[in-house]
Amino acid sequence: MTTTLTRVDTATAAPLKRRRRAVGGWLAVLPLLVFTALAFGLPALAMLNGAFTVKDPATGATSYTADNLTNSLQGAYFTALLGSVKLSAVSAALGALIGLPLAQAVVTSRFRALREAVLTASGVLANFGGVPLAFAFVATLGNAGVLTRHLGLSDKGWDLYSFWGLVLVYLYFLIPLMVLTITPALEGLRSQWREAAQNNGATTAQYWRHVALPVLLPTLLGGFVLLFGIAFAAYATAAAMVGSSIPLVTLQIADALSGNVLVGQENVALALSLDMVLVAGLVMAVYLPLQRRSARWLA
């Protein structure tokens, strides 16, 4: 009888323990949920409300409509959106192509101090941007920059304040970011795979073509998507360097927020922001599955 009661008590206590753990887990994560709701939820709701709100300049009355979104996908706004997509895609592609061999050189280096120094520098450079980065490039490669004058780059057609000049500046922090992103995946390539390929008569190029690159492809695509997102959201560097000479959606949003819009279109900036959020959402929808797939191979 005592044994039966003990079993019943144990069976009853187990669900109670699980419920307590679940409640404790929710209480532990509650501050994070509250912070997320305040820091991201409220601005997101305000952006959505403003993106679909239009104010009548005559009466001052507000109404809900999709005119702001329609205007954000027309004329100069749409050109700026395409310009940002083009700049981000080109910068991300070059950053991925250059960052892969650099990361491979770091991984295969015999000098541990050099490897750690490169990775540390990449961590610093990947977060170096904004006005200081723009000033550094203007002082170095601008119209009156040090290298521009000494190498006569102006006579050769060099222009820092152009599309390709901005791509060069973006690569300054995108390449280190790609090195940090792809290095763990390169370290996850098993030496047995290379040895098996060599034992079967494969050359180094064949190993990379048929073994390494297919395994690294999800990580490479994920790195490209990550670089695209970083470049797409960048603002301060482009604003300090080119101003409005190159159409970018972030610069258009800044102009709209500063009042440089037509009467009755004050919320076009919020519609442009919503466009950026949708693009960023598509980027993350592609990046997360690729990240999980690469982790499955390289775990």
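Keep in mind the model is a prediction, meaning the values are calculated, not measured.

Draft legend 1. Main features of the packing of aromatic side chains. On inspection of all chains with the given rule, the structure shows six aromatic pairs. Each ring, one from Phe137 and one from Tyr172, has its centre 5.6 Å from the other, and the planes form 90°; the classification is edge-to-face. In this pair, Phe137 sits in helix α5 (residues 130–141) while Tyr172 sits in helix α7 (residues 163–187), placing the two residues 35 residues apart along the sequence. Residue Phe137 is classed as buried on the basis of its relative accessible area of 11%. Seen in terms of ring centroids, Tyr170 and Phe173 are 5.5 Å apart; in terms of plane orientation they differ by 45°. Their pairing is tilted. Taken as a pair, Tyr170 and Phe173 lie in helix α7 at a separation of three residues, close to a single helical turn. For the pair Tyr170 and Phe173, a shared accessibility class is recorded, and that class is buried.

Draft legend 2. Focus on the packing of α7 against helix α9 (residues 204–233). Contact geometry of α7 with α9 gives a least axis separation of 10 Å together with a crossing angle of 140°. Taken as axis vectors, α7 and α9 run oblique relative to one another. Seen along the crossing, α7 lies across α9 with a hand that is right-handed. For the pair α7 and α9, contact is made by Tyr170, Phe173, Leu174, Leu177, Met178, Thr181, Ile182, Ala185 and Leu186 and by Trp208, Leu216, Thr219, Leu220, Gly223, Leu226, Leu227, Ile230 and Ala231, respectively. Here the residues of the contact of α7 with α9 are counted per class, giving 15 nonpolar, three polar and no charged.

Draft legend 3. Structural view of the nonpolar core. Counting residues in hydrophobic clusters, the biggest one holds 59 residues, and the most contacted among them are Leu166, Tyr170, Ile182, Leu186 and Leu189. Elements with a minimum of two residues in this core: α3 (75–107), α5, α7, α9, α10 (236–241), α11 (249–257) and α12 (268–298). With 15 residues, the top contributor of residues to this core is α7. Leave out the neighbours within four places in its chain, and Leu186 touches Leu100, Ala103, Gln104, Val107, Trp208 and Leu216. In terms of nonpolar packing, the next biggest core, distinct from the first, is built from five residues, Met47, Ala51, Ala271 and Leu274 among them.

About the thresholds
- Residues numbered from 1 in each chain as written.
- Predicted model: local features only at pLDDT ≥ 70, side-chain atom pairs only at ≥ 80, totals over all residues.
- Heavy atoms only, no water.
- Phe/Tyr/Trp six-rings, centres within 6.5 Å; stacked < 30°, edge-to-face > 60°.
- Helix = DSSP H or I, 4+ residues; strand = E, 2+ residues; numbered from the N terminus.
- Buried < 20%, exposed > 50% of the residue type's maximum accessible area, 1.4 Å probe, protein only.
- Axes fitted to C-alpha atoms, helices over the stretch in contact; angles between N-to-C directions.
- Parallel < 35°, antiparallel > 145°, perpendicular 65-115°, else oblique.
- Left-handed = near helix turned anticlockwise from the far one by under 90°.
- Contact = heavy atoms within 4.5 Å.
- Nonpolar A, V, L, I, M, F, W, Y, C, P; charged D, E, K, R; others polar.
- Core = buried A, V, L, I, M, F, W, Y, C linked by side-chain atoms within 4.5 Å.

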